[in-house]
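# Geometric and topological summary
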Amino acid sequence: MENNEQQKKPVNKRIDDAYARYAADQNNHRIEADAKTIIAVILGSLIMAINLKSFVDQGDLVPGGFNGIIVLLQRISSRFFGITLPFMPLSILFNAVPAYMAFKTVGRKFTLLSCLCIVLYSTFTDIIPAFPITYDPLLISVFGGIINGMALVMVLNVGASSGGTDFVAMFFSVRKGISTWNYVMAFNVAMICISGLLFGMESALYTIIYQFVQTQVLNTMYKRYTRKTLFIVTDRPQAVSDRIMGVTHHSTTMFKAEGAYTHQPKYIIYTILGADQLPHVLKVIREVDAHAFINVVGSQGVHGNYYQKPLE
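Residues numbered from 1 in each chain as written. Predicted model: local features only at pLDDT ≥ 70, side-chain atom pairs only at ≥ 80, totals over all residues. Heavy atoms only, no water.

## What to know about the packing of aromatic side chains
For the structure shown, the criterion picks out six aromatic pairs. Judged by centre distance (6.1 Å) and plane angle (50 degrees), the rings of Phe66 and Phe94 are tilted. Here Phe66, found in helix α4 (residues 65-81), pairs with Phe94, found in helix α5 (residues 87-105); they are 28 residues apart in sequence, far enough to count as distant. Centre to centre, the rings of Phe231 and Tyr270 are 5.4 Å apart; their planes meet at 45 degrees, and the pair counts as tilted. With Phe231 in strand β1 (residues 227-234) and Tyr270 in strand β3 (residues 265-274), this pair connects stretches of sequence that are 39 residues apart. When its relative accessible area of 32% is taken as the criterion, Phe231 is described as partly exposed. Site record: aromatic cluster; members linked through ring pairs are Phe66, Phe94 and Phe187. (Phe/Tyr/Trp six-rings, centres within 6.5 Å; stacked < 30°, edge-to-face > 60°. Helix = DSSP H or I, 4+ residues; strand = E, 2+ residues; numbered from the N terminus. Buried < 20%, exposed > 50% of the residue type's maximum accessible area, 1.4 Å probe, protein only.)

Below is the structure:
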């Protein structure tokens with residue numbers, strides 16, 4: 001009886017009800033999700049700090065963003081003036097204004113989690129002793145980039161960041177609608193050049209390898225801005241579409257079709273999702289139609305009314 005009543009509801013009402021149930025279920029598990037988020041931020045911050053002391057410092061490399069400025073200032077102060085500067089005060093100084101900008105525009109939870117990451121990373125950096133794992137500059141560059149990239153992905157996947165230029169880039173992306181990542185890259189190149197002039201071009205060239213490897217890890221493992229196109233062949237188009245829209249807020253397009261071998265009527269559902277949503281969507285499709293045929297294709301670009309869930 002309940003299923004019949006559900007079918008009588010308008011499509012929009014069914015979708016809104018499904019999304020409301022999905023959101024309520026997410027809220028019911030909010031404490032568990034928040035605990036996992038905090039643990040991920042702590043682990044990511046710790047790994048980044050260990051990587052800085054064990055790989056980056058040992059190879060005289062320069063990390064990207066504001067952390068790169070801080071490392072440069074520490075090295076200049078130590079080598080030319082004999083003064084050791086602590087990491088945390090400089091980190092808080094450089095991140096204060098960008099954090100306020102992000103808090104006002106990007107999302108409060110994102111900013112607070114990012115600030116937690118900054119404080120933890122800075123604290124761990126100041127208290128963890130340096131312990132070199134290898135002195136080979138190529139191994140330092142490659143494995144340092146891999147480790148730091150994986151730590152960043154761990155933090156980014158729970159809705160936080162390591163702060164600094166991430167705050168600035170996202171502020172201008174949200175407020176001005178422009179991409180600033182090319183400017184961030186130019187900023188990092190300038191730091192590498194300064195480091196090369198002061199401490200030798202060899203370490204600067206290895207820094208390029210380090211940052212390239214880190215970027216490739218981010219591009220491979222961070223899925224928030226990667227799009228996937230789904231083509232779903234099913235006998236239950238409305239039920240499948242309702243479930244997809246109910247858990248993602250992404251609409252679908254349905255086509256009538258016919259099986260070339262069986263000549264039975266079929267329907268093809270077309271939709272585009274974030275790659276991070278794909279495992280959950282495949283699961284709910286199988287719950288509705290265990291025999292659905294699903295083709296997943298990478299999307300190079302999306303233009304038009306595409307819903308991107310904002311950062312909290």
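So, next bit.
## Focus: helix α11 (residues 237-248)
Owing to its 3.6 residues per turn, the α-helix aligns residues three or four sequence positions apart on the same side. With 12 residues, α11 extends 16 Å between its outermost C-alpha atoms, agreeing within 8% with the 16 Å of an ideal straight helix rising 1.5 Å per residue. Here α11 lies mainly inside the structure; nine of its 12 residues are buried. Here α11 has its buried residues at Pro237, Val240, Ser241, Asp242, Ile244, Met245, Gly246, Val247 and Thr248. Within two residues after α11, His249 carries a phi angle of roughly 65 degrees, on the positive side. (Expected span 1.5 Å × (residues − 1).)

## Overview of the nonpolar core
Ranked by size, the top nonpolar core spans 23 residues in total, and within it Met48, Leu52, Phe87 and Tyr121 carry the most contacts. At the level of elements, α3 (30-56), α4, α5, α6 (108-127) and α7 (137-156) are the ones that each hand at least two residues to this core. Examining the composition of this core, we find that six residues originate from one element, α3, more than from any other. Phe87 has contacts with Leu52, Asn67, Ile70, Val71, Gln74, Tyr121, Ser122, Thr125 and Asp126, leaving out every residue within four places of it along the chain. Judged by nonpolar contacts, the second largest core, of 12 residues, contains Ile232, Val240, Leu273 and Val288. (Core = buried A, V, L, I, M, F, W, Y, C linked by side-chain atoms within 4.5 Å. Contact = heavy atoms within 4.5 Å.)

## Some remarks on the packing of α7 against helix α10 (residues 201-221)
Across the interface, α7 lies against α10 with an axial gap of 7 Å and an inter-helix angle of 35 degrees. Two packed elements cross with a definite hand, and for α7 against α10 that hand is right-handed. A breakdown of the residues in the contact of α7 with α10 according to their chemical character gives 15 nonpolar, six polar and no charged. (Axes fitted to C-alpha atoms, helices over the stretch in contact; angles between N-to-C directions. Left-handed = near helix turned anticlockwise from the far one by under 90°. Nonpolar A, V, L, I, M, F, W, Y, C, P; charged D, E, K, R; others polar.)

## Brief notes about the side chain of Thr248
Relative to the helices and strands, Thr248 resides in helix α11. Under the relative-accessibility criterion, Thr248 is labelled buried at 3%. Of note is the side chain of Thr248, whose polar atom sits 2.7 Å from the backbone oxygen of Ile244. (Polar contact = N/O pair within 3.5 Å; in protein donor to acceptor, adjacent residues only side chain to side chain.)

## Details of the environment of Leu90
Following the sequence through the fold, Leu90 ends up in helix α5. Overall, the relative accessible area of 15% leaves Leu90 in the buried class. Residues in contact with Leu90, not counting those within four places in the same chain, are Ile70, Gln74 and Leu85.

## Considerations on the side chain of Ser122
By secondary structure assignment, the location of Ser122 is in helix α6. Here Ser122 falls in the buried class, since its relative accessible area comes to 1%. Within the local environment of Ser122, its side chain forms a polar contact with the side chain of Ser91, the two groups lying 3.0 Å apart. Discounting residues that sit within four places of it in the chain, Ser122 has contacts with Phe87, Met88 and Ser91.

## Examining α5
Between its terminal C-alpha atoms α5 stretches 27 Å, which fits the 27 Å expected from 19 residues at 1.5 Å a residue. Largest kink in α5: about 40 degrees, centred on Ala96, with the proline Pro98 one to four residues after it. Turning to α5, its buried residues are Phe87, Leu90, Ser91, Asn95, Pro98, Ala99, Met101, Ala102 and Thr105. (Bend = angle between axes of the 7 residues up to and from the residue.)

## A short note on a nonpolar patch on the surface
Side chains of Phe80, Phe81, Ile83, Ile194, Leu197 and Leu198 sit close together on the surface and give an oily, nonpolar patch of about 650 Å² of accessible area. At the level of elements, α4 and α9 (181-199) are the ones that each hand at least two residues to the nonpolar patch. Broken down by element, the residue count for the nonpolar patch peaks at three residues, all from α9. For Leu197, the location among the structural elements is in helix α9. (Patch = residues over 30% accessible without salt bridge, like charges linked within 9 Å, V, L, I, M, F, W, Y side chains within 5 Å. Areas by Shrake-Rupley, 256 points an atom, 1.4 Å probe, with all protein chains shown as cover. Salt bridge = Lys/Arg side-chain N within 4 Å of Asp/Glu carboxyl O.)

All we've got here are geometric facts, nothing functional implied.
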